[in-house]
Amino acid sequence: MSTRAEEQKSDKAPSMAELGLKKLTPPFEFSLDYDPYSLKATEYKICSCARPHMRAFHLAWTSFLMAFIAWFSFAPLGPAIKKSLGLKKSDILWANISSVLSTVFARFAVGPIMDHVGPRLGQAFLLIFAAIPTYFAGLIQNVAGLCIIRGLVGVVGATFVGCQFWCTLMFEKEIAGTMNAIAGGWGNLGGGLTQAIMVGIYAMNTSHPDCDEECGWRNAFYIPATCLLFAAMAVLMLGDDCPMGNYVPQVHHEETEKKASVADVASNFQVWVLVVQYACCFGMELHVNNTIALYYFDRFGLTLTTAGLIASLFGLMNLFARAWGGMISDWAYFRWGMTGRKYAHILLTCGEGIMLVIFSRMPNLGAAIFMMIIFSLFVQSAEGSTFGIVPYVDPKNTGGVCGFVGAGGNIGAVAWGFLFLGIGNFADGYMILGFIVFAVGLLGIPTIWVKDTSHRKGSVTSMSFDKGMDTSLEGKGMDTSLEGKGSAVELKGV
């Protein structure tokens, strides 16, 4: 593994003049330190909601969180829906496939579109669109209706693209792994929260003497549908597309004379490598979110409420696990450059595969829960490390790359759903998936070779969670001198 210093020496960053970049004037005083050539933040403060950077960050992850809750609101109620409509287990699996298959097409389409209209409008449209079928979920009468409604609601999964694209527009690449991972992880937290929220709404409904089990699930979807509309309003009214305010297509491009192109994204081999890698982490998370409650319900004979609450633990690890993956990726980058990001991702992916195999063999409930949590930590950390690499693949097509790689997660979920249809036994299915994930992780060694495209090689980064805490990277070979809070961070040697 080459050192960071050796990589900088062999691949010296060109000057700002050579890149054709000029200093920009911010529209108002920023609360964070920023790069004077892009106005992107070089630090973050989690407890801040200041415009434009931190407010956009919080809108990005909260809107994705609301989307995720609505997207998977059906899964924890699966046993009740199955009983009420007289469905087979395979019918539920087909509905699961429908919910993630529609997101594949939505993510492929939304990424390039956001490259032209910006993340804010794209995000709001998706939230409003998905709210409509969510309101009508209680009218489902058969498996066809279930598949159609879940497919329409599944479009909201494309808000992940807006979440990641928005953060990439607001923060410099050196902290892209961390920021994308925190935003994506906290959004994915909806996969765990919805397990608890929906069974809670179901229990609340059925506690009324006039509401039976069927009434309980049919009237449970109004709350997540309304949350989608509130999230859309917040995105439209409170957010900024980029540091300059309203979106300008070239604002995030290093080569301003070239515009975003879907063809460039589709012809980039590294994009497809990351599509496959993401299919084995985020695709796995989606598949587990769809199946884990039913797995516990059937294998260990639990009640719907208990199975849902246990299943929620898997998604709740997103509170910190995906952020860990991004932070590990960023740390490896500062230590070994892009080679560090690559091998951090490979190790996390291979660990995910190993943990899934072990989880599938657990014979009792306690051991299964423990191994599910460990497996979840690796899954979500691998997701974070993937998007630590994404911003470097093709900077002028960041939205498109986010869309394609994000769609890879859903492609994986569709593939794993079909695999389970053929196997039938969930425990054996999880074991086979574990071996597949491990093999794909190893394939990253010869196939991932993304170059460092940052114009800030050797620049400053500081990260603080509140006003009294600053975890800057002093002492790691980085220049940590700043002009002051809310000031531009100058680069040495340019």
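Read on for a plain summary of the structure.

**Observations regarding the packing of aromatic side chains**
A ring pair, where both rings are aromatic, is described by two values, the distance of the centres and the angle of the planes.
Inference 1: Evaluation of the coordinates by the stated rule reveals 38 aromatic pairs.
Inference 2: Between the aromatic rings of Phe28 and Phe30, the centroid separation amounts to 5.5 Å while the plane-to-plane angle is 80 degrees, which identifies the pairing as edge-to-face.
Inference 3: Classification of Phe28 by relative accessible area gives partly exposed; the value is 27%.
Inference 4: Look at Trp272 and Phe404: their rings are 5.6 Å apart centre to centre, the planes differ by 75 degrees, and that puts the pair in the edge-to-face class. In this pair, Trp272 is assigned in helix α14 (residues 269–279) and Phe404 in helix α20 (residues 398–423), connecting sequence segments 132 residues apart.
Inference 5: Residue classification places Trp272 among the partly exposed residues on the basis of a relative accessible area of 34%.
Inference 6: Residue Phe404 is classed as buried on the basis of its relative accessible area, which comes to 6%.
Inference 7: Site record: aromatic cluster; members linked through ring pairs are Tyr295, Tyr296, Phe300, Phe314, Phe359, Phe375, Phe420, Phe426 and Tyr430.
Inference 8: The side chain of Lys89 reaches across the aromatic face of Phe426, ending 4.8 Å from its centre.

**Looking at the state of the cysteines**
Inference 1: Using the criterion set out here, one finds one disulfide in the structure.
Inference 2: The disulfide partner of Cys211 is Cys215, and the S-S distance across this bridge is 2.3 Å. Its S-S torsion of approximately -105 degrees makes the covalent link between Cys211 and Cys215 left-handed.
Inference 3: Given a relative accessible area of 11%, Cys211 falls into the buried group.
Inference 4: Here Cys215 falls in the partly exposed class, since its relative accessible area comes to 25%.

**Section: empty space enclosed by the protein**
Sizing a probe to match a water molecule and rolling it over the atoms shows the empty space that remains.
Inference 1: Per the stated rule, a full pass over the model turns up three cavities of 30 Å³ or more.
Inference 2: Looking at the largest cavity, its volume works out to about 90 Å³.
Inference 3: Lining the largest cavity are Phe74, Ala75, Gly78, Pro79, Ile81, Ile92, Ala95, Asn96, Leu146, Arg150, Asn290 and Leu294.
Inference 4: When contributions to the lining of the largest cavity are tallied by element, the ones reaching two or more residues are α4 (78–85), α5 (89–117), α7 (143–154) and α15 (282–299).

**Some points on the pattern of salt bridges**
Inference 1: Taken as a whole and assessed by the stated rule, the structure comprises 10 salt bridges.
Inference 2: Across the pair Lys89 and Asp298 runs a salt bridge, and its minimum N-O distance is 3.3 Å. Note that Lys89 is positioned in helix α5 and Asp298 in helix α15, a separation of 209 residues in sequence.
Inference 3: Under the relative-accessibility criterion, Lys89 is labelled partly exposed at 31%.
Inference 4: Relative accessible area serves as the criterion here: at 41%, Asp298 is assigned to the partly exposed category.
Inference 5: As a salt-bridge pair, Arg218 and Glu214 come within 2.9 Å of each other at their nearest N and O atoms. Highlighted residues: Arg218 and Glu214, both in helix α11 (residues 213–218), separated by four residues, approximately one helical turn.

**Quick look at the environment of Ala56**
Inference 1: As for its placement among the helices and strands, Ala56 is situated in helix α3 (residues 53–71).
Inference 2: Considered as a pair, Ala56 and Val235 are 179 residues apart in the sequence and their alpha carbons are 8.4 Å apart.
Inference 3: If we skip the residues at most four places from it in the chain, Ala56 touches Trp166, Met170 and Asp240.

**Some points on a nonpolar patch on the surface**
Inference 1: Together, Ile113, Val117, Leu121, Ile128, Leu229, Phe230, Met233, Leu236, Met237 and Leu238 give the surface a local cluster of nonpolar side chains, amounting to about 920 Å² of exposed area.
Inference 2: Those elements that place two or more of their residues in the nonpolar patch are α5, α6 (119–135) and α12 (222–238).

**Considerations on the environment of Thr226**
Inference 1: Following the sequence through the fold, Thr226 ends up in helix α12.
Inference 2: We classify Thr226 as partly exposed; its relative accessible area is 28%.
Inference 3: Through-space distance from the C-alpha of Thr226 to that of Met66 is 9.7 Å; in sequence the pair is 160 residues apart.

**Quick look at the nonpolar core**
The nonpolar side chains of a soluble globular protein tend to be buried with one another.
Inference 1: Counting 79 residues, the largest nonpolar core has Tyr44, Phe57, Trp71, Leu127, Phe171 and Leu286 as its most contacted members.
Inference 2: In this structure Phe171 touches Leu32, Lys40, Ala41, Glu43, Tyr44, His53, Met54, Phe57 and Met179, once residues within four positions along its chain are discounted.
Inference 3: Leu294, Ala368, Phe375 and Trp416 belong to the second largest nonpolar core, which has 33 residues in total.

**Quick look at the side chain of Ser329**
Inference 1: As for its position among the elements, Ser329 is in helix α17 (residues 321–336).
Inference 2: Residue class for Ser329 comes out buried when judged on its relative accessible area of 0%.
Inference 3: When sequence neighbours within four positions are dropped, the list of residues in contact with Ser329 reads Arg341, Ala344, Ser385 and Gly388.

**Side note on unusual backbone geometry**
Comment: phi is negative for the bulk of residues other than glycine, and the bulk of peptide bonds are trans.
Inference 1: The omega torsion of the bond from Arg51 to Pro52 falls at -10 degrees, within 30 degrees of zero and hence cis.
Inference 2: Relative to the helices and strands, Pro52 is located in the loop between β1 (43–45) and α3.
Inference 3: A positive phi angle, close to 65 degrees, is found at Leu39, a residue other than glycine.
Inference 4: For Leu39, the location among the structural elements is in the loop between α2 (16–19) and β1.
Inference 5: Among the residues examined, Leu39 registers a relative accessible area of 0% and is labelled buried.

**As for the side chain of Asn268**
Inference 1: For Asn268, the position within the fold is in the loop between α13 (262–266) and α14.
Inference 2: There is a polar contact of 3.0 Å between the side chain of Asn268 and the backbone nitrogen of Gln270.
Inference 3: Beyond its immediate sequence surroundings of up to four residues, Asn268 is in contact with Val393 and Asp394.

What counts as what
- Residues numbered from 1 in each chain as written.
- Predicted model: local features only at pLDDT ≥ 70, side-chain atom pairs only at ≥ 80, totals over all residues.
- Heavy atoms only, no water.
- Phe/Tyr/Trp six-rings, centres within 6.5 Å; stacked < 30°, edge-to-face > 60°.
- Buried < 20%, exposed > 50% of the residue type's maximum accessible area, 1.4 Å probe, protein only.
- Helix = DSSP H or I, 4+ residues; strand = E, 2+ residues; numbered from the N terminus.
- Lys NZ or Arg CZ within 6 Å of the ring centre and 35° of its normal.
- Disulfide = S-S within 2.5 Å.
- 1 Å grid on protein atoms, 1.4 Å probe; cavity = no way out; pocket = protein on both sides within 12 Å on 5 of 7 lines; lining within 4 Å.
- Points joined across faces, edges and corners; volume = space filled by probe spheres on them.
- Salt bridge = Lys/Arg side-chain N within 4 Å of Asp/Glu carboxyl O.
- Contact = heavy atoms within 4.5 Å.
- Patch = residues over 30% accessible without salt bridge, like charges linked within 9 Å, V, L, I, M, F, W, Y side chains within 5 Å.
- Areas by Shrake-Rupley, 256 points an atom, 1.4 Å probe, with all protein chains shown as cover.
- Core = buried A, V, L, I, M, F, W, Y, C linked by side-chain atoms within 4.5 Å.
- Polar contact = N/O pair within 3.5 Å; in protein donor to acceptor, adjacent residues only side chain to side chain.

Geometric descriptors of this kind do not, in isolation, establish any biological role.
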